[in-house]
Amino acid sequence: MKSFFYKSILVFFLFLAAFHFSFGYVVKKIKIELEYTLSKDKLEELKIKIREEMQNAINKENYIKPEDALIINQFIDKVRNDLEKNK
Amino acid sequence: MKLDFYKQKNSILLSIFYLTALILGITNLHDFGIHIEEKFHRLNGHYWLNYVAEQFGLVDLQRITEIKINNISDYTLSPVSHYNKWGIVLDLPTAFIEILFNLKDISNIYYVKHFLSFLIFLISSYFFFKILDKRFDNFYINFLGLFLYVSSPRILGDSFLYKDVLFLSFFTISLYFFLEAINKLSIRNLIYFSLFNALAINLRIFAIFIPFFFIFILLIKNFYSNIFLENYKKLILYIFSLTIFTYIFWPYLWENPLQKFIELFSSLDYLIKLKILYFNQYIPNEFLPNTYIINWIIISSPIFQIIFFLFGFLFYSIRFFKRFVNIKDKLIYNDLWRSKKEEKDFIFFLLLISFFFIFIFFNATLYNGWRLVYFLNIFVIYFGIYFLYISLKYFRKNLLTKNCIGFVIFLAVSYNIYSLISYHPFQSVYFNSLLSERLKNSFEGDYHGISSKHFFLKISKIDKREVIKVAVASHTPLQRGLEGVPPVLRKKFEIVGQEYHSADYIYKNNISEVNSKLNKKYEVPKNFSKIYELKINKTKIYEVYKLNS
């Protein structure tokens, strides 16, 4: 009876520990990831990054390569023409 | 005769220790600042005193407490009914003392409370000494345990602040009677155990686990004797008295006790949720790592205590494992313990392991370091003393090793004294000296806001203007600290929160409820310059910034 009692306690404890450190751990990890991805802090971090990139762009003499600028201009003209046609 | 002489000598040593502790406590009482929750606790005390007065028809007392409640309430406090689940163990008696002795000055009211809290802590230390004294037959080792219990810097610093160390105190006394009741199931022991257990539950709901551990130990003992059958009347009396004491000491339960008690557990879901600074990262306290408690205990306890504990715990774990694998059903000798003394070790081991895993399995929402689990410190010291005791016993014939152990003990004692002196009066932000400056400052610092008193006194010395506007670049309600300074100075300061543009000075510590690396609400504007910084042993307590002229 005594041994059975102790072994039952041990099995119960090991079951809880295994559950916590496997399934519980994964759930916690997912929650943390979600929290970090969707948090206000993350958005704030993103805003800061965008601001920094824009500032970098302003500081550079040529931010867009001439060949890229040409393609973008042509693309904008194309879009504008198509929009005009279908007004 | 020889024995009497030793007993007398030991009593004298204990008396000197307590007298010194008391004198030091009283003389240094006013050095400690006012913590940010004092106002709430005072309000809590008067709120429940008012309720008790109403229940017993004490009209005068009810009238006085109503006036007090109205005077205390201000914009920084939510209605007390939001927090009224907090225990009344110290709050209510001190509210009564305040009225009885007509204490007028707010700082006196708080310091009386600090003193009572410290006194309860000292009383609990005697119970801890008694626990050790009944386990280890070496007075000096037990005395060392008492000294470490009282001189752990964070614990001593917080012992004046009647929050977590108050629980530690009642937990210790409760544990003493737990052990006494296990040893002898007398009505006297059971009544005392239920009384102090009820007071501990009143302060921290997780003390509700203690009766379950008690029943568990009795269950094990029941394998050899019919404890339950022979003592069922006493055990019923114990459960009954625990219920009655919990009810009596908690006016919150007086109406609808069962429903309100259940509500206590559901209200745990609404525990404070914020971001905390941990290893220089702001992490939400709902997702703390499993190592949070262990790490905090290691970094903020004196290094010798930690080493003693680790060895003691390791030694006991090995012994426990050996006992466990050798259990035999029919032999009393082959069980988890072999003597009354070992039984105590097992109880300490069981409680430490269980509480630790309860916090991990239930994903406890902790904050402000490990203050909510400061009661674990008695386990740290117990196993530390266990290690020293068995080492001295093992090497009793080897004089050199014995002297070496004696020298290490001397170093441990000196180290604690040095830490207490060097951190004074900020022992509650203690970090052990193995940590680098960078690491020390990558955790929450003065979360109690006790440095606010130091700050106001400092500014009043360097700036003689009649009105000084102070902004706060931290998550600290600085205005509450004003209650710790003389009334003349209180009028001098105007707290403007985060309206930095209208401030003359800015107070800043490293407490923030948001990620201050990204959220700029606590960023000090560029037109302010740092004029002062209080650092103790490389731990930053607070900074002062002044508006550039």
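Residues numbered from 1 in each chain as written. Chains lettered and ligands numbered in written order. Predicted model: local features only at pLDDT ≥ 70, side-chain atom pairs only at ≥ 80, totals over all residues. Heavy atoms only, no water.

1. Quick notes on the packing of helix α8 (residues 164-183) of chain B against helix α10 (residues 209-221) of chain B
Residue and element names in this part refer to chain B.
Part 1 of the argument: Two numbers describe how α8 lies on α10: the axes approach to 11 Å, and their chain directions differ by 20 degrees. Taken together, α8 and α10 sit at an angle that is classed as roughly parallel. Our pair here, α8 against α10, has a crossing hand that is right-handed. Seen from α8, the contacting residues are F171, S174, F178, A181 and I182; seen from α10, they are I210, F213, F214, I217, L218 and K221.
Part 2 of the argument: For the contact of α8 with α10, the per-class residue count stands at nine nonpolar, one polar and one charged. (Axes fitted to C-alpha atoms, helices over the stretch in contact; angles between N-to-C directions. Helix = DSSP H or I, 4+ residues; strand = E, 2+ residues; numbered from the N terminus. Parallel < 35°, antiparallel > 145°, perpendicular 65-115°, else oblique. Left-handed = near helix turned anticlockwise from the far one by under 90°. Contact = heavy atoms within 4.5 Å. Nonpolar A, V, L, I, M, F, W, Y, C, P; charged D, E, K, R; others polar.)

2. Examining a positive patch on the surface
All names here are of chain B.
Part 1 of the argument: Where like charges cluster on the molecular surface, the positive patch consists of K341, K393, R396 and K397.
Part 2 of the argument: Structurally, the position occupied by K341 is in helix α15 (residues 340-361).
Part 3 of the argument: By relative accessible area, K341 is classed as partly exposed at 30%. (Patch = residues over 30% accessible without salt bridge, like charges linked within 9 Å, V, L, I, M, F, W, Y side chains within 5 Å. Areas by Shrake-Rupley, 256 points an atom, 1.4 Å probe, with all protein chains shown as cover. Salt bridge = Lys/Arg side-chain N within 4 Å of Asp/Glu carboxyl O. Lys, Arg positive; Asp, Glu negative; His and termini not counted. Charge placed at Lys NZ, Arg CZ, Asp CG, Glu CD. Buried < 20%, exposed > 50% of the residue type's maximum accessible area, 1.4 Å probe, protein only.)

3. Let's talk about the interface of chain B and chain A
Part 1 of the argument: With 27 residues of chain B at the interface, the matching set in chain A holds 21 residues.
Part 2 of the argument: Sorting the residues of chain B by area buried against chain A places B:F287, B:F361 and B:L518 first, and these three jointly supply 31% of that buried surface.
Part 3 of the argument: At the surface where chain B touches chain A, the tally comes to zero salt bridges.
Part 4 of the argument: Run the count over chain B and chain A and you get two residue pairs in polar contact (both at pLDDT 80 or more).
Part 5 of the argument: Tallied by class, residues from the side of chain B that touches chain A come to 19 nonpolar, four polar and four charged. (Buried area = accessible area lost by both parts, 1.4 Å probe. Polar contact = N/O pair within 3.5 Å; in protein donor to acceptor, adjacent residues only side chain to side chain.)

4. Topic: the environment of B:I239
Part 1 of the argument: Checked against the element boundaries, B:I239 lands in helix α11 (residues 227-248).
Part 2 of the argument: In the structure, B:I239 is positioned 45 residues away from B:S194 in sequence and 7.7 Å away in space, judged by C-alpha atoms.

5. Looking at the nonpolar core
All names here are of chain B.
Part 1 of the argument: Counting residues in each nonpolar core, the largest one holds 181 residues, and the members touching the most others are F178, F214, F355 and F375.
Part 2 of the argument: If you tally residues by element for this core, the top one is α8, at 14 residues.
Part 3 of the argument: Here F178 is in contact with F193, I210, F213, F214, I217 and I347, once residues within four sequence places are set aside.
Part 4 of the argument: In terms of nonpolar packing, the next biggest core, distinct from the first, is built from 11 residues, V496, Y522, V524 and Y545 among them. (Core = buried A, V, L, I, M, F, W, Y, C linked by side-chain atoms within 4.5 Å.)

6. Focus: a nonpolar patch on the surface
Residue and element names in this part refer to chain A.
Part 1 of the argument: A cluster of nonpolar side chains, namely Y63, I64, I72, F75, I76, V79 and L83, defines an oily patch on the protein surface of about 680 Å² accessible area.
Part 2 of the argument: Within the fold, V79 resides in helix α3 (residues 66-85).
Part 3 of the argument: A relative accessible area of 34% means that V79 is categorised as partly exposed.

7. Quick look at the domain arrangement of chain A
Many structure descriptions define interface size as the accessible area lost when the parts assemble.
Part 1 of the argument: Along its sequence, chain A is carved into domain 1 (1-38) and domain 2 (40-87).
Part 2 of the argument: Computed from C-alpha coordinates alone, the two centres of domain 1 of chain A and domain 2 of chain A are separated by 50 Å. (Domains from an automatic or database assignment.)

8. As for the pairing of strand β3 (residues 468-472) of chain B
Residues and elements named next belong to chain B.
Part 1 of the argument: Most of β3 is tucked away, with four of its five residues classed as buried.
Part 2 of the argument: For β3 and strand β4 (residues 493-495), the ladder comprises three bridges, and the chain directions are parallel. The residue of β4 that forms the bridge with V470 is I495. (Pairing = 2+ DSSP bridges.)

9. Focus: unusual backbone geometry
All names here are of chain B.
Part 1 of the argument: Following H424, the chain continues into P425 via a peptide bond in cis, with omega recorded as 0 degrees.
Part 2 of the argument: If you trace the backbone, P425 turns up in the loop between α17 (399-423) and α18 (437-440).
Part 3 of the argument: Of note in this structure, N363 is not a glycine but carries a positive phi near 50 degrees.
Part 4 of the argument: With respect to the helices and strands, the residue N363 is situated in the loop between α15 and α16 (377-394).
Part 5 of the argument: The phi torsion at K538 lies on the positive side, around 70 degrees, for a residue other than glycine.
Part 6 of the argument: Here K538 lies in the loop between β6 (528-536) and β7 (539-547).

10. Some thoughts on the sheet that holds β3(B)
All names here are of chain B.
Part 1 of the argument: A sheet is described by the order of its strands in space; here five strands give the open sequence β4-β3-β5-β7-β6, paired in mixed fashion. Two strands lie at the open edges of the sheet, namely β4 and β6, each paired on one side alone. Along the sheet, successive strands turn relative to each other by an average axial angle of 25 degrees, direction set aside.
Part 2 of the argument: Where helix α19 (residues 451-462) meets the sheet, it contacts β3, β4, β5 (505-508), β6 and β7, and its direction lies at approximately 35 degrees from that of β7.

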